Amino acid sequence: MSDHAVIFLLFLCIVFLIGIILYQQFDFHAKIQTTLRKISEQLKEIADTDSGGRSSRQQCHILSC
């Protein structure tokens, strides 16, 4: 193989590896955002409802917060 062909193949490998890295970062970021939204919704539900079934706003109103 000529030097130009080897350099071209190495360049293609580098571009391919950079593409994989960018995809992984995008995918990881998207999954983290989805997980954080789910956790946020669960925490919101927990904060709005205590064990007795009353909302925390009702509880606070009863206790004159």
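Note: the structure precedes this text.
Below: a short report on this structure. From a predicted model like this one, the values you see are computed outputs, not experimental measurements.

Conventions and cut-offs
Residues numbered from 1 in each chain as written. Predicted model: local features only at pLDDT ≥ 70, side-chain atom pairs only at ≥ 80, totals over all residues. Heavy atoms only, no water. Patch = residues over 30% accessible without salt bridge, like charges linked within 9 Å, V, L, I, M, F, W, Y side chains within 5 Å. Areas by Shrake-Rupley, 256 points an atom, 1.4 Å probe, with all protein chains shown as cover. Salt bridge = Lys/Arg side-chain N within 4 Å of Asp/Glu carboxyl O. Helix = DSSP H or I, 4+ residues; strand = E, 2+ residues; numbered from the N terminus. Buried < 20%, exposed > 50% of the residue type's maximum accessible area, 1.4 Å probe, protein only.

Re a nonpolar patch on the surface
Working step 1: Together, M1, V6, F8, L9, L10, F11, L12 and V15 make up a nonpolar patch on the protein surface, roughly 820 Å² of accessible area in all.
Working step 2: Residue placement: V15 occurs in helix 1 (residues 3-48).
Working step 3: V15 gets classed as partly exposed once you look at its relative accessible area, which sits at 43%.

A look at the pattern of salt bridges
Working step 1: Here the structure, examined in full by the defined rule, presents one salt bridge.
Working step 2: A salt bridge links K31 to D27; the shortest N-O distance between them is 3.4 Å. With K31 and D27 both in helix 1, this residue pair falls four residues apart, about one helical turn.
Working step 3: For K31, a relative accessible area of 52% puts it in the exposed group.
Working step 4: Here D27 falls in the partly exposed class, since its relative accessible area comes to 25%.

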